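What the coordinates show
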Amino acid sequence: MRHDHLLTAKQLSRADIETVLDRAATFDDDPAAAGERHADELLALCFFEPSTRTKMSFETAAKRLGGDVVDMGSVESSSVKKGESLADTVRVVEGYADGIVLRHPKQGAAKMASEHVDVPVVNAGDGAGHHPSQTLLDLYTIREHAGLDDISIGIMGDLKYGRTVHSLAHALTNFDVHQHFVSPESLRLPRSVRYDLHEAGAQVQEHDSLDAVLPNLDVLYVTRIQRERFPDEDEYEAVAGEYSITPETLEDAKDDLAVMHPLPRVDEISAAVDETDNATYFEQAHNGVPVRMALLDLLLDDD
Amino acid sequence: MRHDHLLTAKQLSRADIETVLDRAATFDDDPAAAGERHADELLALCFFEPSTRTKMSFETAAKRLGGDVVDMGSVESSSVKKGESLADTVRVVEGYADGIVLRHPKQGAAKMASEHVDVPVVNAGDGAGHHPSQTLLDLYTIREHAGLDDISIGIMGDLKYGRTVHSLAHALTNFDVHQHFVSPESLRLPRSVRYDLHEAGAQVQEHDSLDAVLPNLDVLYVTRIQRERFPDEDEYEAVAGEYSITPETLEDAKDDLAVMHPLPRVDEISAAVDETDNATYFEQAHNGVPVRMALLDLLLDDD
Amino acid sequence: MRHDHLLTAKQLSRADIETVLDRAATFDDDPAAAGERHADELLALCFFEPSTRTKMSFETAAKRLGGDVVDMGSVESSSVKKGESLADTVRVVEGYADGIVLRHPKQGAAKMASEHVDVPVVNAGDGAGHHPSQTLLDLYTIREHAGLDDISIGIMGDLKYGRTVHSLAHALTNFDVHQHFVSPESLRLPRSVRYDLHEAGAQVQEHDSLDAVLPNLDVLYVTRIQRERFPDEDEYEAVAGEYSITPETLEDAKDDLAVMHPLPRVDEISAAVDETDNATYFEQAHNGVPVRMALLDLLLDDD
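Residues numbered from 1 in each chain as written. Chains lettered and ligands numbered in written order. Predicted model: local features only at pLDDT ≥ 70, side-chain atom pairs only at ≥ 80, totals over all residues. Heavy atoms only, no water.

**As for the overall build of chain A**
The following threshold applies: Each helix is a run of DSSP H or I of at least 4 residues and each strand a run of E of at least 2, with the numbering of both proceeding from the N terminus. We call a residue buried when its accessible area falls under 20% of the maximum for its residue type, exposed when it is over 50%, and partly exposed in between, using a 1.4 Å probe and counting protein chains only. The contact criterion used throughout is that any non-hydrogen atoms of two residues lie within 4.5 Å.
If you tally the helices and strands in chain A, you get ten helices and nine strands. On the principal axes, the C-alpha backbone points of chain A span a range of 55 × 45 × 40 Å. Within chain A, the fraction of its 303 residues that count as buried is 60%. Taking contacts inside chain A between residues at least 6 apart in sequence as the whole, the part at least 24 apart equals 72%.

**Focus: the interface of chain B and chain A**
Counted only if it meets this: Buried area, as used here, totals the accessible surface that two parts lose on assembly, with accessibility defined by a 1.4 Å probe and the loss added over both. Whenever Lys or Arg places a side-chain nitrogen within 4 Å of a carboxyl oxygen from Asp or Glu, that contact is recorded as a salt bridge. Each polar contact in these results corresponds to two N or O atoms within 3.5 Å; when the atoms are within protein, one needs to be able to donate a hydrogen and the other to accept it, and residues that are neighboring in sequence are counted only if both atoms are side-chain atoms. Ten residue types, Ala, Val, Leu, Ile, Met, Phe, Trp, Tyr, Cys and Pro, are classed as nonpolar, four, Asp, Glu, Lys and Arg, as charged, and the remainder, Gly among them, as polar.
At the junction of the two partners, chain B supplies 24 residues and chain A supplies 22 residues. Carbon and sulfur atoms supply 52% of the area buried between chain B and chain A, which totals about 2100 Å² over both sides. Inspection of the region where chain B meets chain A yields five salt bridges. The interface formed by chain B and chain A holds twelve residue pairs in polar contact (both at pLDDT 80 or more) in total. Listed by contribution, the elements that provide at least two residues to the side of chain B that touches chain A are β1 (42–47), β2 (68–71) and α3 (86–93) of chain B. Classifying every residue of the side of chain B that touches chain A gives nine nonpolar, five polar and ten charged.

**Description of the packing of helix α1 (residues 14–29) of chain A against helix α5 (residues 132–146) of chain A**
All names here are of chain A. This is how it is decided: The axes are straight lines fitted to the C-alpha atoms, using for helices just the contacting stretch, and the angles between their N-to-C directions are given from 0 to 180°. Here the word oblique covers every angle except those under 35 degrees (roughly parallel), over 145 (roughly antiparallel) and from 65 to 115 (roughly perpendicular). The crossing is said to be left-handed when, going from far helix to near helix, the turn is anticlockwise and less than a right angle, and right-handed when the turn is clockwise.
Interaxial distance between α1 and α5 falls to 10 Å at its minimum, and their mutual angle equals 70°. As far as their axial angle goes, α5 and α1 are roughly perpendicular. In the crossing of α1 with α5, the sense of the turn from one axis to the other is right-handed. Of the residues in α5, those in contact with Ile17, Glu18, Val20, Leu21, Asp22, Ala24, Ala25 and Asp28 of α1 are Leu136, Leu139, Tyr140 and Arg143. Taken together, the residues of the contact of α1 with α5 break down into eight nonpolar, no polar and four charged.

**A word on the sheet that holds strand β6 (residues 176–182) of chain C**
Residue and element names in this part refer to chain C. The condition is simple: Between any two strands, pairing holds if DSSP finds at least two bridges.
Read from one edge to the other, the open sheet built from five strands follows the order β7-β6-β5-β8-β9, with strand pairing classed as parallel. A strand with exactly one partner marks an edge of an open sheet, and here the two such strands are β7 (203–207) and β9 (258–260). Strand-to-strand twist in this sheet, taken as the mean axis angle between neighbours without regard to direction, amounts to 20°.

**With respect to the domain arrangement of chain A**
All names here are of chain A. Heads up, the condition is: Note: domain ranges come from an automatic or database domain assignment.
Here chain A is described as being made up of domain 1 (9–130 + 287–301) and domain 2 (133–285). Once you take the C-alpha centre of each, domain 1 and domain 2 turn out to be 26 Å apart. Between domain 1 and domain 2, the residue contacts involve 28 residues of the former and 23 residues of the latter. When domain 1 packs against domain 2, close to 2100 Å² is buried across both sides, 55% of that on carbon and sulfur atoms. Considering only the side of domain 1, the residues that lose the most area to domain 2 are Arg14, Leu21 and Asn287, jointly responsible for 30% of the buried surface there. One salt bridge in this structure joins Lys10 and Asp196, with 3.0 Å as the shortest N-O distance. Taken together, the links from domain 1 to domain 2 amount to 13 residue pairs in polar contact (both at pLDDT 80 or more). Listed by contribution, the elements that provide at least two residues to the side of domain 1 that touches domain 2 are α1, α2 (53–64), β4 (121–126) and α10 (288–301). Top element by residues in the side of domain 1 that touches domain 2 is α1. It accounts for nine residues. Of the residues belonging to the side of domain 1 that touches domain 2, the class tally is twelve nonpolar, seven polar and nine charged.

**Regarding the side chain of Asp88 of chain C**
Tracing the chain through its elements places Asp88 of chain C in helix α3 (residues 86–93). The exposure class of Asp88 of chain C is buried, given its relative accessible area of 2%. If we ignore the near neighbours within four places in the chain, the residues touching Asp88 of chain C are Arg265 and Phe282 of chain B.

**Let's talk about the sheet that holds strand β4 (residues 121–126) of chain B**
All names here are of chain B. Pairing is parallel across the open sheet formed by four strands, whose spatial order is β2-β1-β3-β4. Bordering the open sheet on either side are β2 and β4, each of which pairs with just one other strand. This sheet shows a mean twist of 20° between the axes of neighbouring strands, independent of strand direction. Relative to β4, strand β3 (residues 99–104) runs parallel, the two being bridged by four bridges. Paired with Val101 across the bridge in β4 is Val122. Sheet contacts for α3: β1 and β3; angle to β3, the most-contacted strand, approximately 155°.

**Topic: the relation of the copies chain C and chain B**
Quick note on the threshold: Least squares is used to superpose the copies, and the fit set is the C-alpha atoms of residues whose pLDDT is at least 70 in both copies.
By a simple turn and slide, chain C fits onto chain B: the slide is 0.0 Å along the axis, the RMSD is 0.0 Å, and the turn is 120°. Put plainly, the chains are arranged around a three-fold axis. A share of only 4% of the interface residues of chain C reappears at the interface of chain B, consistent with the copies meeting through non-equivalent patches.

**Thoughts on the packing of aromatic side chains**
Geometry of an aromatic ring pair is reported as the spacing of the ring centres plus the angle between the planes. To keep it simple, the criterion reads: Stacked, edge-to-face and tilted labels apply to pairs of Phe, Tyr and Trp rings (six-membered ring for Trp) whose centres lie within 6.5 Å, assigned for plane angles under 30 degrees, over 60, and everything in between, in that order. Charge over a ring is defined by NZ of Lys or CZ of Arg lying within 6 Å of the ring centre and within 35 degrees of the ring normal.
All chains considered together, the criterion is met by six aromatic pairs over all chains. One cation-aromatic arrangement involves Arg292 of chain A over Phe58 of chain A; the distance from NZ or CZ to the ring centre is 4.9 Å.

**Considering the interface of chain C and chain B**
Taken together, the contact pairs 24 residues of chain C with 22 residues of chain B. Taken together, both faces of the contact between chain C and chain B bury some 2000 Å²; the carbon and sulfur share is 52%. For the salt bridge of Asp88 of chain C with Arg265 of chain B, the shortest nitrogen-to-oxygen distance reads 2.6 Å. Our count for the chain C to chain B interface comes out at twelve residue pairs in polar contact (both at pLDDT 80 or more).

**Some remarks on the side chain of Glu94 of chain C**
Filter applied, for reference: Only four residue types enter the tally: Lys and Arg on the positive side, Asp and Glu on the negative side; His and the chain ends are excluded.
Relative to the helices and strands, Glu94 of chain C resides in the loop between α3 and β3 (99–104). Arg91 of chain C provides the closest opposite charge to the buried, unpaired Glu94 of chain C, separated from it by 6.7 Å. Discounting residues that sit within four places of it in the chain, Glu94 of chain C has contacts with His286 of chain B together with Ile100, His116, Val117, Asp118 and Val119 of chain C.

**Observations regarding the relation of the copies chain B and chain A**
Superposition record for chain B on chain A: RMSD 0.0 Å, screw rotation 120°, translation along axis 0.0 Å. An overlap of only 4% is found between the interface residues of chain B and their copies at the interface of chain A, pointing to separate contact surfaces.

**Thoughts on the environment of Arg227 of chain A**
Residue and element names in this part refer to chain A. Note on placement: Arg227 falls in the loop between β8 (219–222) and α8 (233–242). Since its relative accessible area comes to 37%, Arg227 is described here as partly exposed. A sequence separation of 185 residues divides Arg227 from Leu42, and the C-alpha atoms of the two residues are 40 Å apart. Once residues lying within four places of it in the same chain are set aside, the contact partners of Arg227 are Glu233, Tyr236 and Glu237. A distance of 2.4 Å separates polar atoms of two side chains, one belonging to Arg227 and the other to Glu233.

What follows is the structure, given as structure tokens:
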């Protein structure tokens, strides 16, 4: 992988992706091997928005590599309140650390930041923009369970606003994957994303209901349908009920269907599914560690 | 000690307690000995409620053992705000760390969490429930100053709501300790706790005033009387004044009486007492480190 | 350097300052040399007020020395909310760490804290009081760019309320430095500071405008003029405009003029200045790391 920064999954070729996933698999197989690869290296965590799993797993990844982190803390406790620009903040922070992980509410923030500093910047979410390490851990999880060639994946829920879904769908066009999008009419893929997938040569179908397509799926990727998206509470309840997964839903699925979710979930997947062999979402969250270790390993090696 | 989790002091036998205190004494005597016992181990700190000393001393303990921590951060900066269940949060977090320290406002939270994960869970306070590492550091401090056999301890202040006091009193029933409870009528031990102590064979007496019993005490454990407990401000002032400790109060005490307090204190112990040899509360707070090192050492060894 | 604590820059002799700056230069030249100088040492970070760069650079400094930190977290998540005194908090914290870095809104807080503990206390800002590590990194930056003998420095902006400026001006009296103070009438140096500098034998001149003095300066230290200081918005706008730096402003300056700023800046220095060779403020912020490493190295060695 020959990149200075990781800003979007789109910048990654199939070879890049496979380099990251292979490296992650190495760390996954033998965590101790990573031990001192990045001793004395510091990673700055600049989270301008709340996060649990992304921040904790980057911190874990840095530490599992023998390095450490320096945390900017919450925006409330930072100079940002004094009106400092993001460009200034990251230019200061690059003096403290060997790399910067940035989450920021404004789309394009990570790209802008990367133009002001000489250390690697990892985009850990820029508003409606990108969150490439999420995409990579999704791909890693899919590859572990079903491989990335000649598979069928269902992607269900809020396909309109879900940044995670758009990135994943695009990244999957690098592989031989049939993508089935399942959502209510009002939450379908935006036209721009559909066009984008088409351009990339994706094999895509859209569905109103999971029923017809479920038996063919190797992976079912569920996302949250947010109450706020619906003007009418009753409409939300109806949709949420129809697009939620229970053990009964899974009766028609392949035995080894992997059910994924970027978490946090609310009601989209019932707790009873947790006990099934299909439940893959916690493992998926855990995969954030080896995948982010691989990313940091590759980016920090690059400087 | 043969436990997977530490949820309540009640789960600990006398032998368990002595194992922890003995190990703590080893770390206390020779801090350097602990140096690399848990290198490469990560402890997740999940504090759903504010804390200074508990959180800092667990962090210190992990680091003094050669390990490190991964901090969930405050609830405001976490996925909890998005409605994630505690069970989901800890199942994600177990993928990041080798153990979890959990503080949560809901009673029973730590026990519930422990049922969902395969890494050790340490209860660092679950609302009105338990806070066993506090009890262990209290026992350690008492043992260092007076031993745990054939001693008399006074426990004073808010005995009705004080979770710390209930746990300590119960734990002391494992030893040959006379317990004297001193409180205003309205803040006496709850009936259930009194019954519990009776069942455990405790040697217990209750008093309205410290005067009569003070000269016999080896240890005086003071707790805070909270203003909020009193409907009437005047009543609070009267009680708070009567149950606060000054150097004059201590004139009738044994020279080597150890005055303890779980901290933070407000007016229960006057600053002038800090200068006396009786003041043991800061040492007690500091004992949180070796005791928590011992706990982590024993629990992390177990997995 | 023979001090137990670092409370104010005024406590430091010229020899003390040079000891710190020389040590910092060593760390700057060869960061790896610091690697394990303070392995197993823990620094407590007690920030009772928000901070980004000071806190992050102390954390970085401790970690670059091989040590680690224990963070009190924000005041909202601490026992301070329960009414604990600062004296009690630091007496507890000294049991966790080998040194304490303290920022507190009350002037005199660090000095008071230092009287209650046996570990070194570093004042990282006490309200309108002192912030000596800022002064030291300012001196380090000036020395790197212009030396500290026979130079002219302009100090511009809010000279009335700027704690940073008062400390720096006083510290510069240890060296052969001509100080030119440039500010609007309403934000001139307080009489007490002027008297203080006079007593210390400073070579001082005051100016309304930068124009006349700029061509002679080796260093220009700019500070923020805060909107809140002005009763009238128009007056603020006029002053802010006149005392802000652009590439045009610098046309009459020496080619190697170093423009400094304690940051965060808002409009005092235009972004276009960042591209000039004069811009020294980010490097100045980065110097916080080697200077704080030197400080910690000297103070932790002393115990």
